[in-house]
Amino acid sequence: MKRDEMTLDRRSLLTASAAGAGALALGVSLPERAGAAANPYFQHGVASGDPHPHSVILWTRVTPTTAAVPGSGRGPVVQVTWQIARDRRFSNVVSKGTFATGATRDHTVKLEATGLRPRTTYFYRFHYNGVASRTGQTKTAPAYTSSPDNLRFGVVSCANLQAGWFSAYRHLAKRNDLDAVLHLGDYLYEYAPGEYGYGNANKDIRPHVPKKEMVALGDYRKRHAQYKQDADLQALHAKVPFIVTWDDHEVTNDEWKNGAENHDPATEGSYAARKRRAHRAYDEWMPARLGDTVALNDGTALFRNLRFGTLADLSMLDLRSYRSEQVAVPIADGAVSDPARTITGNGQMRWLKDTLSKDRAQWRLIGNPVMIAPVVFPPLPNDVTSAVNDVTGLLPEDGSPYNVDQWDGYTADRHELFAHLADHGVNNTVFLTGDIHSGWACDLPLDAGTYPVTRSVATEFVCTSVTSNNLKDITNNPSRTTSLAVEAGIQTTNRHVKYLNFDDHGYSVLDVTSKRTQMDYFVITDRADPKATSSWTASWATDADTQQVHAVDGPVTR
Amino acid sequence: MMDMNRRSFIRAGAAGGATYLFSSALGTPMATGATSEKQRAYVLVVDGCRPDEIGSGMMPRLQALRDGGMNYPRARSLPIMETIPNHVMMMTGVRPDRSGVPANSIYDRGENVVRDLDRPSDLHFPTVLERLQDKGFTTGTVLSKEYLFGIFGQRATYRWEPEPIVPVSGHSPDQFTMDAAIEMVEQFDPNLVFVNLGDCDRVGHADLTGTTLAVARRTALVTVDTQVGRFVDLLKETGRWENSVVVVLADHSMDWSRPDRLISLQPAFDADPMLAGKVQIAQNGGADLLYWTGSPDRRTDAVKRIREIAAATPGVLSVHDPADLRLGARAGDLVAYCKAGWRFSDPRPYSNPIPGNHGHPATQPIPFFISGGHGSVRRATSHSVLAQTVDVAPTIGKVFGLTDPTGGYDGRARL
């Protein structure tokens, strides 16, 4: 999402940051609280990801010499050994090996441990020069033919290190009931210190490293390394496997296929080259299969499907790498509905539709980096819009959108996908979304203008940000004041939006059973407080076969 | 055709003074004693019900059955998503390429006519209705639609001869159907009773009365729920419930098409020099079965051309080789599906005035749940495995310890 999505453009935010620069010193002196700082070789923790029934990705980064700091391009080629075991004491090691790494891959280690049992908890660690990393815990996916009673995921997005502490990660890491964490994008941010921080004044709770916008490969590597030294993020990575996708900030703000709002070719060079560098660093530093493998240099396609028995499958989308450029604002020419424009790209759309048609599991979860529910002012019936367009061609098909960076800016793709669900009788599709720093629960109508007379084809749960600014932060008003009116206005004109919280930061927990899929929304206290507490605020669920959300009295129990 | 001379009839009286006509083979006992140990299974088909309607608040009795038993929210109807083939799949446990019943309507090449598959001789595979009898059990059919009564013929031990029949819809209203089902249980107490309740489906199809579709549909939902409630009450009041398995499902779902979203393929075929006059269409709501009737030597080219024209027609979702859908030879050369919200109307745009529609993939999701007091029914559970109409026969077979048919089932027991 644009960091300034709600009301402010980039220039005014930068101005505001400069005005608040005096507050920066507050954050500079605070440590990263790096849990592995005492470990000379494994300073960036351990991680696992993309669990399959018989394999999982294991990740770490080794620092073999003091000079071999991230992004430096320095340091020798070294051998790192790894082990994965059924028990925390490693008395029952089921697989082990050696991995060669060096400066060409920023000394990252990323491998696929195979030969594992389905839906089984494992422990893993790395060794270098006689020193062990911290022990990580992970869990494989259920067998394809099994029918698990439930699945439970942490759901997070939008973690801006400058805007605060990652308490949301810490509270998720305390849980012992998660199968995985779904990270829906904006895992890290590209901005320089002072450009995008805490609140409207852009106070940097913790300034970014390097102290500039990340553009070069070394910049991206250093920034990944900084985030991976956060103790809360390290704790969560070490506790459960991550299933990630990226949004825009993993490269730069409002990215599209051939450019981005926050990229100036005149001063920052080729956009394609910058994207390659960002994706390279991401492939090195994240426990995910890019190009469907753990290898580097074999493609960076990130959209992929993970299966969890007959209960659910999960399609993770990449809505940045293939999309057409966002339409200009204000919108007056109906361009958001141009069928030649795409948010998925044709290949990914074909793959997604094919995946949904295969009917491999009851729940069709979709990791969706930007919101798909129409949010418009006002929504009009499609027929009315079509009639107006016959004459004027002025109106986008789903009404006037407030955010053309999400699916609202690409309504032809949304229509194609929703129609596919209806045409093929695909029920129980649930979009899991990040990006917009707020919590939502929505029905997804085939025609927003006639809803609820016409029917819903799927549902969407949107998690709020870990730290990135939301509406109250931007308006600089107290929580639950001005936002209430905005929320009410949106829900009045968008009858499919059932829950909306513009004010809080935190995380969500998604629990999936055959009867229903439920999203629990948890919020944290002040993100400037490294010891922020967490509390439950709302729960919404969709019962099987209903394609509608409803409120639930309380969260699932651990 | 039925042999009237080898059937015996009984007109059973109900408490309200109405009478119900049942038939059976000559010599069949017309009543059996109810014992608490007797195993029983009931298959109740809520014709054309959508899975979301069960929890809509208008079907509390069905919802209670669903929530108290084994629910299969991922259940699907199978091609062609029409009444006759899916009822046949329920009772045979095999797909149409083995049963010979791929659709409601086919083009019969031998008779050179488009007709319903409503003859007993159309069904080529044994059903559990007669296989259970071979093992000493009794079975009964209470089928509200004339063509269902037709194709299942005299396979069950006891058959209700549906009446009265609504002229436009060709079905008997649910209240009469359930009266007959209750009467059959009380009079004959078969081990298996197969019931089709047609109101839900028929109000969609026959909405020509000036009432709104939504109101008529809601009324049907409430009605069928009430009738199913009566049946459950009977089982519980008579002590049968504890040894009963009650399977509730739909044969297909329901979609509603818009008046301006009609697909007529016949004019397009007739306008093509190669195809003119040489393509027959068997219309099955949201699916058209397409038959090349010209020279067999030109079939390959002709089928290619039929596919091209059908696929390019607005509203057509997809075109399939019937073998890919396991439909068998009687389904013709190609199957065309429509998109949600559309319907086929052949040979002319005004030929099909019915908005309620099924047969296409949009109408695959169905309710499917198993209740009853039988020990094999796991209480209040929901299951993420795929359940299909073809699973009913194996499920019934499991209740009664029936061996698999020759070649095995295509479905799986869901108990």
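Residues numbered from 1 in each chain as written. Chains lettered and ligands numbered in written order. Predicted model: local features only at pLDDT ≥ 70, side-chain atom pairs only at ≥ 80, totals over all residues.

Asker: A description of the overall build of chain B should follow, citing residues and the corresponding values.
Answerer: When its secondary structure is counted, chain B shows 12 helices and 20 strands. The C-alpha radius of gyration of chain B comes to 21 Å, within 12% of the 22 Å expected for a compact globule of 415 residues. With respect to the principal axes defined by its C-alpha atoms, chain B has extents near 70 × 45 × 40 Å. Across the 415 residues in chain B, those meeting the buried criterion constitute 55%. (Helix = DSSP H or I, 4+ residues; strand = E, 2+ residues; numbered from the N terminus. Rg over C-alpha atoms; globule rule 2.2 N^0.38 Å. Buried ≥ 20, exposed ≤ 12 C-beta atoms within 10 Å, placed from the backbone.)

Asker: Explain the domain arrangement of chain B to me, and be specific about the residues and the numbers.
Answerer: All names here are of chain B. You can read the domains of chain B as domain 1 (7–253 + 364–400) and domain 2 (262–357). Listed as interface residues are 18 residues of domain 1 and, on the opposing side, 19 residues of domain 2. Put simply, the parts of the chain that give the side of domain 1 that touches domain 2 at least two residues each are α4 (96–99), β5 (105–108) and α8 (199–205). When residues of the side of domain 1 that touches domain 2 are assigned to their parent elements, the largest contribution, 3 residues, is made by β5. Here the side of domain 1 that touches domain 2 is composed, by residue class, of 9 nonpolar, 5 polar and 4 charged. (Domains from an automatic or database assignment. Contact = placed C-beta atoms within 7 Å. Nonpolar A, V, L, I, M, F, W, Y, C, P; charged D, E, K, R; others polar.)

Asker: Please give an account of the nonpolar core that cites residues and values.
Answerer: Of all hydrophobic cores here, the largest spans 136 residues; its most connected members are Leu58, Val155, Val181, Ala312 and Leu432 of chain A. Here the element with the most residues in this core is strand β22 (residues 516–524) of chain A; it accounts for 5 residues. Not counting chain neighbours up to four residues away, the residues in contact with Val155 of chain A comprise Leu182, Leu184, Leu432, Cys463, Tyr507, Ser508, Val509 and Leu510 of chain A. Counting 113 residues, the second-largest nonpolar core is a separate cluster that includes Val45, Leu290, Leu317 and Ile396 of chain B. (Core = buried A, V, L, I, M, F, W, Y, C linked by C-beta atoms within 7 Å.)

Asker: Run through the packing of helix α4 (residues 217–228) of chain A against helix α7 (residues 271–285) of chain A, naming residues and quoting values.
Answerer: All names here are of chain A. It is at 8 Å that the axes of α4 and α7 come closest, and there the two elements cross at 35 degrees. Viewed along their axes, α4 and α7 form a crossing whose handedness is right-handed. Taking contact as the criterion, the partners of Leu217, Tyr220, Arg221, His224 and Lys228 in α4 are, on α7, Arg277, Ala278, Arg280, Ala281 and Trp285. Its residues assigned to classes, the contact of α4 with α7 comprises 5 nonpolar, 1 polar and 4 charged. (Axes fitted to C-alpha atoms, helices over the stretch in contact; angles between N-to-C directions. Left-handed = near helix turned anticlockwise from the far one by under 90°.)

Asker: Got a sec to walk through the pairing of strand β19 (residues 456–462) of chain A? Specific residues and values, please.
Answerer: Residues and elements named next belong to chain A. Among the 7 residues in β19, 7 count as buried, and that is most of the element. Bridge count for strand β17 (residues 429–433) against β19 is 4 bridges, and the pairing is parallel. Bridge pairing in β19 links Val430 to Thr459. In this sheet, β19 lies alongside strand β18 (residues 439–445) in antiparallel orientation, the contact comprising 6 bridges. Of the residues in β19, the one forming a bridge with Cys442 is Glu460. (Pairing = 2+ DSSP bridges.)

Asker: Break down helix α12 (residues 392–400) of chain B for me, citing the residues and quoting the values.
Answerer: Residues and elements named next belong to chain B. Most of α12 sits inside the fold, with 7 of its 9 residues counted as buried. Buried within α12 are the following residues: Val392, Ala393, Pro394, Thr395, Ile396, Gly397 and Val399. Positioned one or two residues after α12, Gly401 has a phi angle of 70 degrees, which is positive.

Asker: Give me the environment of Thr135 of chain A: which residues, what numbers.
Answerer: Assignment of secondary structure puts Thr135 of chain A in the loop between β7 (131–132) and β8 (136–139). Along the chain, Thr135 of chain A and Lys353 of chain A lie 218 residues apart, while their C-alpha atoms are 39 Å from each other.

Asker: Could you give an account of the sheet that holds strand β15 (residues 312–316) of chain A, naming the residues involved and the relevant values?
Answerer: Residue and element names in this part refer to chain A. As summarised here, the arrangement of the 7 strands in space is β14-β15-β16-β17-β19-β18-β20, forming an open sheet in which the pairing is mixed. One side of each edge strand has no neighbouring strand; the edge strands of this open sheet are β14 (304–308) and β20 (497–501). Each strand of the sheet is rotated relative to its neighbour by a mean of 20 degrees, with strand direction disregarded. When β18 meets β20, the two strands line up antiparallel, connected through 4 bridges. Its bridge partner lying in β20, Ala441 is registered against Tyr499. Lying over the sheet, helix α10 (residues 411–423) contacts β17, β18 and β19, oriented at roughly 125 degrees with respect to β19.

Asker: Explain the sheet that holds strand β15 (residues 316–320) of chain B to me, and be specific about the residues and the numbers.
Answerer: Sheet strands associate in pairs through backbone hydrogen bonding, adopting either a parallel or an antiparallel arrangement. Residue and element names in this part refer to chain B. Strand order across the open sheet formed by 4 strands is β13-β14-β16-β15, with antiparallel pairing between neighbours. Every other strand in the sheet has two partners, leaving β13 (279–284) and β15 as the edge strands with one partner each. Within the sheet, the average angular offset between the axes of one strand and its neighbour, ignoring direction, is 20 degrees. Pairing geometry for strand β14 (residues 287–292) and strand β16 (residues 334–338), over 4 bridges, is antiparallel. When the bridges of β16 are listed, Leu289 appears paired with Val335. Contacts from helix α11 (residues 299–311) reach β13, β14, β15 and β16 within the one sheet, and its direction differs from that of β14 by about 155 degrees.

Asker: Any chance you could break down the environment of Asp313 of chain A for me, citing the residues and the numbers?
Answerer: Residues and elements named next belong to chain A. Locating Asp313 in the fold gives a position in strand β15. With 23 C-beta atoms counted inside 10 Å, the residue Asp313 sits in the buried group. Sequence-wise, Asp313 and Arg89 are 224 residues apart; in three dimensions their C-alpha atoms are separated by 33 Å. Beyond its immediate sequence surroundings of up to four residues, Asp313 is in contact with Asn305, Leu306, Arg307, Phe308, Arg360, Ala361, Arg364 and Leu365.

Asker: Tell me about the packing of helix α2 (residues 60–68) of chain B against helix α9 (residues 213–237) of chain B, residues and numbers included.
Answerer: Residues and elements named next belong to chain B. One can describe the packing of α2 onto α9 by two numbers: an axis separation of 7 Å at closest approach and a directional angle of 55 degrees. Between α2 and α9, the interaxial angle falls into the category oblique. Only Asp225, Val228, Gly229 and Val232 of α9 make contact with α2, whose side of the interface consists of Pro60, Arg61, Leu62 and Leu65. For the contact of α2 with α9, the per-class residue count stands at 5 nonpolar, 1 polar and 2 charged. (Parallel < 35°, antiparallel > 145°, perpendicular 65-115°, else oblique.)

Asker: Quick rundown of unusual backbone geometry? Include the residues and the values.
Answerer: Residue Pro452 of chain A is reached from Tyr451 of chain A by a cis peptide bond, and omega for that bond is 10 degrees. At the junction of Pro79 of chain B and Ile80 of chain B, the peptide bond is cis and its omega measures out at -15 degrees in the coordinates. Even without being glycine, Cys158 of chain A reaches a positive phi, approximately 60 degrees. Mapped onto the fold, Cys158 of chain A is located in the loop between β9 (150–156) and α3 (167–173).

Asker: Can you lay out the environment of Arg223 of chain A for me, pointing to particular residues and giving the numbers?
Answerer: Residues and elements named next belong to chain A. Of note, Arg223 is situated in helix α4. Residue Arg223 is classed as buried on the basis of its 27 C-beta neighbours within 10 Å. When the C-alpha atoms of Arg223 and Lys212 are compared, they prove to be 10.0 Å apart, with 11 residues separating the residues in sequence. Setting aside residues no more than four positions away along its own chain, Arg223 makes contact with Leu188, His208, Val209 and Met214.

Asker: Give a detailed account of α7 of chain A, specifying residues and quantitative values.
Answerer: Residue and element names in this part refer to chain A. With 15 residues, α7 extends 21 Å from end C-alpha to end C-alpha; this agrees with the ideal 21 Å at 1.5 Å per step. Among all positions in α7, only Arg274, Lys275, Arg277, Ala278, His279, Ala281, Tyr282, Asp283, Glu284 and Trp285 are buried. For α7, the secondary structure elements touched by its buried residues are β5 (108–113), α4 and α6 (265–268). (Expected span 1.5 Å × (residues − 1).)

Asker: Outline the confidence of the model for chain A, listing residues and values.
Answerer: This prediction gives chain A a mean pLDDT of 89; 89% of its residues lie at or above 70. Under a pLDDT of 50 for its full length, residues 2–36 of chain A has, in the predicted model, 66 contacts with residues more than four places off or in other chains. (pLDDT = per-residue confidence, 0-100.)

Asker: Report on the confidence of the model for chain B, specifying residues and quantitative values.
Answerer: All names here are of chain B. Summarising the model, chain B shows a mean pLDDT of 91, and 92% of its residues fall at 70 or more. pLDDT under 50 marks residues 1–5. Its contacts with residues more than four places away, or in other chains, come to 3 contacts. In the model, residues 206–211 has pLDDT below 50 throughout and makes 7 contacts with residues more than four positions away in sequence or in other chains. This complex was scored by the predictor with a pTM of 0.92 and an ipTM of 0.93.

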